[in-house]
Amino acid sequence: MPQSEGLLGPLLLARGGVDRSANHRNDEAWLKSAWDDPATRVLLVHDGNTLIRRHDGTAELVFLSPREAPAGERYLLGVDPEGIAYFAVAADGPLPLPVAHALPPGTEVAEAVQDTPDWADVASEGLHRAGAALGDRDAGLLVNAVALEAWHTTHEHCPRCGSVTNVSSSGHMRVCPKDGSQHFPRVDPAVIMLVHDGDDRCLLARGPQWPEGRFSVLAGFVEPGESLEQAVAREVLEEVGVTVATPRYLGSQPWPFPRSLMLGFFAEATSTKLVLDPEEIAEAMWLTRAELGAAVENGEVRLPPGVSIARRLIETWYGSPLPGDW
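This is a predicted model, so every value here is computed, not measured.

Before going further, it helps to spend a moment on the pattern of salt bridges. Evaluated as defined, the whole model comprises 17 salt bridges. The shortest N-O distance in the salt bridge between Arg54 and Glu125 comes to 2.9 Å. You can see Arg54 sitting in strand 2 (residues 49-55) and its partner Glu125 sitting in strand 6 (residues 122-126), a full 71 residues away along the chain. Across the salt bridge formed by Glu125 and Arg129, the nearest N and O atoms sit 3.6 Å from each other. For Glu125, a relative accessible area of 4% translates into the label buried. Here the salt bridges do not stand alone but share partners, grouping Glu223, Glu226, Arg234, Glu235 and Glu238 into one network.

See below:
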């Protein structure tokens, strides 16, 4: 069974088709050779976005060759089964379409602007919008690139002495030039859980920052010294006043907004009275499968997008796909 499929079905941000090739990250000779290879593909990323080409209902990443890539921090993303290397370059500014026109005349992308009719279908997009439409390889590459860029842009200084750190290990480490300390990309584990009553009702909730009608399952970050199961029980009790037992792990996927790893659970309620934390929850309700289906159909309830693990949890409990999203 593919890694991105399990009890929850395909987790769209947990896909990939490229070996991360950690053994090459500090091999300077290999890195130079790969960057000099015109077959190498480069993904530009800025503020979580990259250039995406859409055509006939599909989406794909727009790659440059190393010769065409602008200056910027460079991250090795990996090597595919055909031996093609993939890098990300963190661009200094937004990625509007004119980026291609700014390349030197005669380059591959500049020619594509003139000769490819569907260049108008290219836009700067992020994972929220394009993740579900990308193929396995492209989804995995973009998740990796977005996560690395987010970490580098927010962790430039050494937490020990405040010095500006240097990028190392092909973008997978930063090193302090003053005290020699090494720092690695941060990942924040978060539990996300569909609470049900063991019969035919599930619990959906709306955050106070969300518009009316937008609902999802409960979620929260794992605290220091806490197990995943403890985090599930604590978050549910804190947010809606419900106690749960026997959390059941179902799957996980990265959520690089900016650095979470979402770990999905089902949890059976041992109490059903709702006592909401108004700072976290504006509205919560128990719904049967029939009530959920009807509420989604008539627009009273709008569910998270298909790229989210929340949507997979809800549809797995419901038993089939549901229409619409945010």
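Anyway, onward from the coordinates.
The end-to-end C-alpha distance of helix 6 (residues 228-240), which contains 13 residues, comes to 18 Å, matching closely the 18 Å that a straight helix rising 1.5 Å per residue would cover. Within helix 6 the residues assigned to the buried category are Ala231, Val232, Arg234, Glu235, Val236, Glu239 and Val240. Each element contacted by the buried residues of helix 6 is listed here: strand 10 (188-196), strand 11 (201-206), strand 12 (218-221), strand 13 (244-255), strand 14 (260-269) and strand 15 (283-288). Note on helix 6: the residue one or two positions beyond its end, Gly241, has a positive phi of about 75°.

Quick look at the sheet that holds strand 4 (residues 73-79) now. Read across the sheet, three strands follow the order 1-5-4 without closing on themselves; strand pairing throughout is mixed. Both outer strands of the open sheet, strand 1 (41-45) and strand 4, are each paired with one neighbouring strand and no more. Each strand axis lies, on average, 25° off the axis of its neighbour in the sheet, ignoring direction. Note that strand 1 and strand 5 (residues 85-90) share five bridges and pair parallel. Counterpart to Val42 in the pairing with strand 5 is Phe87. Packing against the sheet, helix 1 (residues 28-36) makes contact with strand 1, strand 4 and strand 5, and its axis sits at approximately 85° to strand 5. Along the sheet, helix 5 (residues 136-154) contacts strand 1, strand 4 and strand 5; its crossing angle with strand 4, the most-contacted strand, is approximately 150°.

Another aspect to go through is the packing of aromatic side chains. Within the structure shown, the criterion is met by five aromatic pairs. Judged by centre distance (4.7 Å) and plane angle (75°), the ring pair of Trp255 and Phe257 falls under edge-to-face. Since its relative accessible area comes to 30%, Phe257 is described here as partly exposed. One cation-aromatic arrangement involves Arg74 over Trp35; the distance from NZ or CZ to the ring centre is 3.6 Å.

Side-chain alternation along strand 12 places Leu218 and Gly220 on a buried face and Ala219 and Phe221 on a face that remains uncovered. Judged from the four bridges that link them, strand 10 and strand 12 form a sheet pairing that is antiparallel. Residue pairing for strand 12: Ile192 is matched across the bridge by Ala219.

Each full turn of the α-helix corresponds to 3.6 residues, which orients residues three or four apart in the same direction. Counting buried positions along helix 8 (residues 309-318) yields eight of ten residues, so the element is predominantly enclosed. Ile309, Ala310, Arg311, Arg312, Leu313, Ile314, Glu315 and Trp317 are the residues of helix 8 that are buried. In this structure, the buried side of helix 8 is in contact with strand 10, strand 11, strand 13, strand 14, strand 15 and helix 7 (289-297).

What counts, and at which threshold
Residues numbered from 1 in each chain as written. Predicted model: local features only at pLDDT ≥ 70, side-chain atom pairs only at ≥ 80, totals over all residues. Heavy atoms only, no water. Salt bridge = Lys/Arg side-chain N within 4 Å of Asp/Glu carboxyl O. Helix = DSSP H or I, 4+ residues; strand = E, 2+ residues; numbered from the N terminus. Buried < 20%, exposed > 50% of the residue type's maximum accessible area, 1.4 Å probe, protein only. Expected span 1.5 Å × (residues − 1). Contact = heavy atoms within 4.5 Å. Pairing = 2+ DSSP bridges. Axes fitted to C-alpha atoms, helices over the stretch in contact; angles between N-to-C directions. Phe/Tyr/Trp six-rings, centres within 6.5 Å; stacked < 30°, edge-to-face > 60°. Lys NZ or Arg CZ within 6 Å of the ring centre and 35° of its normal.

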